[in-house]
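Analysis of the macromolecular model
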Amino acid sequence: MENERKPIEVEVASPTGFCFGVKRAIESLEKCIGESAASDGAGKVYSIGMPIHNPQEVARLSRKGLVVVERIEDVPSGAGAFVRAHGVHPSVKKALLERCCGRVTDATCPFVKNAQEKAALLAKEGYSVLVLGDPNHPEVQAIVGCAGEDVSVASSLSEVKGVGKKDRLGVISQTTQKKEFLGAASEVLAPAVRELRIFNTICGATTQRQDAVRKITGSVDGLIVVGGKNSANTAKLVEIARSRNCDTLWIEHSGELDGRWFAGKARIGIAAGASTPDWLIEELKIALETSQVSRGMEGYDGRNDE
Ligand code: SF4
């Protein structure tokens, strides 16, 4: 007897996908590529590191003229360069401006810029600076570069406790941190620091996308999070959904769907990291809605079987 084949119900979290800063940066990059083509005919624009933590979007931009390099020395002198939404260490920006004769498009997100400026302000006013975040993340490294000599980074509460007694301490947060971490860190620091100054530099876009995931987990049988495996904010969405016991699948594109995961699920949620372009979300939605994935059926490979 044939399986009963019913379409999957799909709900997309809101808001989800590209945040303001990444959307703005990608638009700047595309404009910059166009201008580069008009000025030197080559249309190449160089970015130190991935301009966005999404391999599929980087591939699309590379076809247009983006060139991702690892070192400043890999950028040809006088070429066009691009500073991504995460920003770069001030020394990198300075070196790029010199190498590219000023042809640098700085797409640092205004919220990241704000964190950098607050770090610089704290350093100027004589505070030790503590950045809450991942020390290996480029955004944190750029903020650290603005915070003077007396700066440290903590990525966990135990590291915050390790800061010890301080006279004057200023705290900045990586924009993608959880507000709970900032709250807990503040509680730990308050009794140990004579003068504590905290700037909440967590970006609203991150919180909103995390809240949207918390909300949607209550109304679906499983959640598909689409986003780069190298994207910290996408990883956080997955972590939040799993902590709420929601069966969560993390994919970069719809071609990775595995039919076994759909067993027993009637209603599927979609959420996406702030670095996931709309076209990948739409592609996934169409793949789910147009495929008659039977509940409990194995072997679905993500392709429309009609
Ligand atoms: S998550 Fe926030 S801070 Fe980061 S790029 Fe997007 S809007 Fe800017």
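Located above this text is the structure these notes cover.
No experiment lies behind these values; they were computed from the predicted model shown.

**Notes on the side chain of E139**
Looking at where E139 falls in the secondary structure, it is placed in helix α5 (residues 138–144). Buried and unpaired, E139 has no salt bridge, with K236 as the nearest side chain of opposite charge at 9.6 Å. Those residues in contact with E139, other than ones at most four positions away along the chain, are H86, V112, Q174 and T175.

**Here's the deal with the pairing of strand β9 (residues 193–198)**
For strand β8 (residues 166–173) and β9, the ladder comprises 5 bridges, and the chain directions are parallel. When the sheet's bridge partners are listed, G170 is paired in β9 with R197. The parallel pair β8 and β9, bridged by helix α7 (residues 179–189), forms a crossover whose chirality is right-handed.

**Notes on the sheet that holds strand β11 (residues 248–251)**
Adjacent strands of a sheet pair through backbone hydrogen bonds, lying either parallel or antiparallel. Strand order in the open sheet formed by 4 strands is β1-β12-β10-β11, and the pairing between neighbours is parallel. The sheet is open, and its two borders are formed by β1 (9–12) and β11, each paired with just one other strand. Taken over all neighbouring pairs, the strand axes of this sheet differ in orientation by 25 degrees on average, direction set aside. Inspection of the sheet shows strand β10 (residues 222–226) paired to strand β12 (residues 267–272) by 5 bridges, in the parallel sense. Note on β12: the bridge partner recorded for I224 is I270. Running at roughly 165 degrees to β11, helix α9 (residues 232–243) makes contact with β10, β11 and β12 of the sheet.

**As for the state of the cysteines**
Inspection of the entire model under this criterion finds 0 disulfides. Considering cysteine sulfurs only, C101 is the nearest to C100, which forms no disulfide, with 7.3 Å between them. You can call C100 buried: its relative accessible area is 0%.

The rules behind each value
Residues numbered from 1 in each chain as written. Predicted model: local features only at pLDDT ≥ 70, side-chain atom pairs only at ≥ 80, totals over all residues. Heavy atoms only, no water. Helix = DSSP H or I, 4+ residues; strand = E, 2+ residues; numbered from the N terminus. Buried < 20%, exposed > 50% of the residue type's maximum accessible area, 1.4 Å probe, protein only. Lys, Arg positive; Asp, Glu negative; His and termini not counted. Salt bridge = Lys/Arg side-chain N within 4 Å of Asp/Glu carboxyl O. Contact = heavy atoms within 4.5 Å. Pairing = 2+ DSSP bridges. Right-handed = clockwise from strand over helix to strand, strands pointing away. Axes fitted to C-alpha atoms, helices over the stretch in contact; angles between N-to-C directions. Disulfide = S-S within 2.5 Å.

That is the geometry; function is a separate question.
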